[in-house]
Amino acid sequence: MRLDGYVGRMVRLKHENFQPIVRRARRRGHDDLENRFIVASVDGEMGKLICYGADVRVAVAAGEVALL
């Protein structure tokens, strides 16, 4: 799938990519982070998906996510 085909889709991060985000969120006092993100846009230069979930923004490669 082309990267722009992910825009507007729900994804989850692979476990090894999600765990560092969980650790950072817990340090900030957020214990209820879910592994569910919506792809808002694509950074074409870097080849990354820009994903949002709750109050978290992440930029990840397409290989680091699974469609829901």
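Structure: see above.
These lines cover the structure that appears in this document, whether it is placed above or below.

Analysis parameters
- Residues numbered from 1 in each chain as written.
- Predicted model: local features only at pLDDT ≥ 70, side-chain atom pairs only at ≥ 80, totals over all residues.
- Heavy atoms only, no water.
- Patch = residues over 30% accessible without salt bridge, like charges linked within 9 Å, V, L, I, M, F, W, Y side chains within 5 Å.
- Areas by Shrake-Rupley, 256 points an atom, 1.4 Å probe, with all protein chains shown as cover.
- Salt bridge = Lys/Arg side-chain N within 4 Å of Asp/Glu carboxyl O.
- Lys, Arg positive; Asp, Glu negative; His and termini not counted.
- Charge placed at Lys NZ, Arg CZ, Asp CG, Glu CD.
- Helix = DSSP H or I, 4+ residues; strand = E, 2+ residues; numbered from the N terminus.
- Buried < 20%, exposed > 50% of the residue type's maximum accessible area, 1.4 Å probe, protein only.
- Pairing = 2+ DSSP bridges.
- Axes fitted to C-alpha atoms, helices over the stretch in contact; angles between N-to-C directions.
- Core = buried A, V, L, I, M, F, W, Y, C linked by side-chain atoms within 4.5 Å.
- Contact = heavy atoms within 4.5 Å.

1. Digging into a positive patch on the surface
- Positive charge collects at one region of the surface, where R23, R24, R27 and R28 lie side by side.
- By the element assignment, R23 lies in helix α1 (residues 15-27).
- Judged by its relative accessible area of 47%, R23 is partly exposed.

2. What to know about the sheet that holds strand β1 (residues 10-13)
- Pairing is antiparallel in the open sheet, where 5 strands are placed in the order β4-β3-β2-β1-β5. Edge strands, defined here as strands with exactly one partner in the open sheet, are β4 (56-60) and β5 (65-67). Pairs of neighbouring strands in the sheet enclose a mean axial angle of 45 degrees, with direction left out of account.
- In this structure, strand β2 (residues 37-43) lies alongside strand β3 (residues 48-53), joined through 5 bridges in antiparallel fashion. Looking at the pairing, S41 lines up with I50 of β3.

3. Concerning the pattern of salt bridges
- This model, assessed by the stated rule, comprises 2 salt bridges.
- Note that R36 and E34 form a salt bridge whose closest N and O atoms lie 3.6 Å from each other.

4. Thoughts on the nonpolar core
- L13, F37, L49, C51 and V58 are the most contacted members of the largest nonpolar core, which totals 17 residues.
- For this core, the secondary structure elements donating two or more residues are β1, α1, β2, β3 and β4.
- With 4 residues, the single largest contributor to this core is α1.
- Here V58 is in contact with L13, I21, F37, L49, I50 and C51, once residues within four sequence places are set aside.

Read these as geometric descriptors, not functional statements.
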